[in-house]
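Results of the structural survey
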Amino acid sequence: MFKLNGTVFMPSVLTLIGIPGLESVQFWIGIPFCAMYIIALFGNCLLLVIIKSERSLHDPMYLFLAMLGATDIALSTCILPKMLGIFWFHLPKIYFDACLFQMWLIHTFQCIESGILLAMALDRYVAICDPLRHATIFTHKLLTQIGVGVTLRAALLVAPCLILIKCRLKHYRTTVVSHSYCEHMAIVKLAAEDIRIHKIYGLFVAFTILGFDIIFITLSYIQIFLTVFSLPQKEARLKAFNTCIAHICVFLEFYLLAFFSFFTHRFGLHIPPYIHILLSNLYLLVPPLLNPIVYGVKTRQIRDRMSKIFYSKDPS
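From a predicted model like this one, the values you see are computed outputs, not experimental measurements.

Within the chain, the secondary structure is distributed over ten helices and six strands. Against the compact-globule benchmark of 20 Å for 316 residues, the chain has a radius of gyration of 22 Å, which places it among compact chains. If one aligns the C-alpha atoms of the chain with their principal axes, the spans along those axes are about 75 × 50 × 35 Å. Within the chain, buried positions represent 48% of all 316 residues. Within the chain, residue pairs in contact and separated by at least 24 positions form 79% of the contacts whose partners lie at least 6 positions apart. Only carbon and sulfur atoms are counted for the fraction: they give 71% of the accessible area of the chain, which is about 15800 Å². Of the charged side chains in the chain, 26 are positive and 16 negative; the average position of the first set lies 2 Å away from that of the second.

Written out as structure tokens, the structure reads:
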């Protein structure tokens, strides 16, 4: 690491300061964050065990839910250990390459989660609007292809962000990252060089993945609602609508937090940094925490299986 004209040339180590402006209370902030992580880890692991062990839950909807749970576990695990190291043990240093790798993992898992939510919306669309063809369309082969497809789409589209930083940005004004994890724009803004292409490519990835997914999810649910409200029996309408409630809740919490975090980093100049960083952290922690709770409460099959696990009586 060399200093040249007040800049740092190719830093080997970066410093994550956590939540700027709240350094004195970060220890206490870490406690609810850690509790959220433990609950999310337990809830998603329980969800995976229930879906794996119960053959009646090997339908596309539940297999997509298992993919979502595995992604949530990976996403929250990418940030929490290092974040708690900053908050509790004053370990802010991170190798530059390790920081880029964390950035790639975080944004890749975010994009995978978006792809899975789209697949779940399409599954509900076919199940409600064309139920007779659902079993022939959503085969296990197609589920595997969807899982591989959303993973490759995310990994390949996010990878150039890492490559552009590594190859184009050589001089940095500072090595201090005003964030609690390695976020793309937080790293890019450290550079002393032109970063327009990085901003443009970040917007391209966001609109290619999140924008594309949210448009098709919205169109799917518009068609679902039109079909549901055209059903003659009230009970049938309620049953069909109830199967979508959990997904709508997850869909709203994920995308509302995602777009707030994304646009705040680029255009929210008047928003205090600590509010933005706190909401960015919640964006990565709240969905993994709420998803198993929402689906556990709203899905009868999962709820019944949980009841058997926790309330089964001793046969003796």
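Each pair of packed helices can be described by the angle between their axes along with the distance between the axes. Running from amino to carboxyl end, helix H5 (residues 140-168) crosses helix H7 (residues 196-229) at an angle of 170°, the nearest separation of the two axes being 10 Å. Judged on the interaxial angle alone, H7 and H5 are roughly antiparallel. Between H5, through Arg153, Ala154, Leu157, Pro160, Cys161, Leu164, Ile165 and Arg168, and H7, the contact on the second element is made entirely by Ile197, His198, Tyr201, Phe204, Val205, Thr208, Ile209, Phe212 and Asp213.

With respect to topology, three strands assemble into an open sheet ordered E4-E3-E6, the strand pairing being mixed. Single-partner strands in this sheet number two, and they are strand E4 (93-95) and strand E6 (176-177). Here strand E3 (residues 13-16) pairs with E4 via three bridges, running antiparallel. Within the sheet, the bridge partner assigned to Val13 lies in E4 and is Tyr95. Along the sheet, helix H3 (residues 96-129) makes contact with E3 and E4, crossing E4 at roughly 85°.

We now examine the pattern of salt bridges. Taken as a whole and assessed by the stated rule, the structure comprises five salt bridges. Lys166 serves as the salt-bridge partner of Asp97, at 2.6 Å between the closest nitrogen and oxygen. Of this pair, Asp97 sits in helix H3 while Lys166 sits in helix H5; the two residues are 69 residues apart in sequence, bridging distant segments of the chain. Note that Asp130 and Arg133 form a salt bridge whose closest N and O atoms lie 3.4 Å from each other. Taking relative accessible area as the criterion, Asp130 reaches 27% and is therefore assigned partly exposed.

On to the nonpolar core, then. If you look at the biggest cluster of nonpolar residues, it comprises 94 residues, and the most contacted ones within it are Phe33, Leu68, Ile79, Leu117, Ile165, Ile217 and Tyr255. Per-element tally for this core: the top contributor is H3, with 17 residues. Setting aside chain neighbours within four positions, we find Phe33 in contact with Leu80, Met83, Phe87, Leu278, Asn281, Leu282 and Leu285.

The topology assignment puts Phe216 in helix H7. The exposure class of Phe216 is partly exposed, given its relative accessible area of 38%. Distance from Phe216 to Leu118, taken between C-alpha atoms, is 7.2 Å for residues 98 residues apart in sequence.

Before going further, it helps to spend a moment on the pairing of E3. Taken residue by residue, a regular strand's side chains alternate between the two faces of the sheet. Across two bridges, the pairing between E3 and E6 is parallel. Bridge assignment links Thr15 to a residue of E6, and that residue is Val176.

Looking now at the UniProt feature "transmembrane region" (unreviewed entry) in the chain. The UniProt feature table records "transmembrane region" (unreviewed entry) at residues 27-50, 62-89, 101-122, 142-165, 200-228, 240-262 and 274-297. Structurally, residues 27-50 is divided into 100% helix and 0% strand, and its ends, taken at the C-alpha atoms, are 35 Å apart.

What the rule picks out here adds up to one disulfide. Here Cys99 is linked by a disulfide to Cys182, with a sulfur-sulfur distance of 1.9 Å. Measuring handedness by torsion sign, the sulfur bridge of Cys99 and Cys182 sits at about -115° and is left-handed. Within this pair, whereas Cys99 is found in helix H3, its partner Cys182 is found in the loop between E6 and helix H6 (184-188), the two being separated by 83 residues in sequence. Judged by relative accessible area, which is 0%, Cys182 ranks as buried. Among the cysteines around Cys78, which has no disulfide bond, Cys182 carries the closest sulfur, lying 11 Å off. The exposure class assigned to Cys78 is buried, which follows from its relative accessible area of 15%. Free cysteine Cys167: the closest other cysteine sulfur is in Cys161, separated by 13 Å. Its relative accessible area of 51% is what places Cys167 among the exposed residues.

Parameters at a glance
- Residues numbered from 1 in each chain as written.
- Predicted model: local features only at pLDDT ≥ 70, side-chain atom pairs only at ≥ 80, totals over all residues.
- Heavy atoms only, no water.
- Helix = DSSP H or I, 4+ residues; strand = E, 2+ residues; numbered from the N terminus.
- Rg over C-alpha atoms; globule rule 2.2 N^0.38 Å.
- Buried < 20%, exposed > 50% of the residue type's maximum accessible area, 1.4 Å probe, protein only.
- Contact = heavy atoms within 4.5 Å.
- Areas by Shrake-Rupley, 256 points an atom, 1.4 Å probe, with all protein chains shown as cover.
- Lys, Arg positive; Asp, Glu negative; His and termini not counted.
- Charge placed at Lys NZ, Arg CZ, Asp CG, Glu CD.
- Axes fitted to C-alpha atoms, helices over the stretch in contact; angles between N-to-C directions.
- Parallel < 35°, antiparallel > 145°, perpendicular 65-115°, else oblique.
- Pairing = 2+ DSSP bridges.
- Salt bridge = Lys/Arg side-chain N within 4 Å of Asp/Glu carboxyl O.
- Core = buried A, V, L, I, M, F, W, Y, C linked by side-chain atoms within 4.5 Å.
- UniProt positions renumbered as here; feature names shortened; annotations may be inferred.
- Disulfide = S-S within 2.5 Å.

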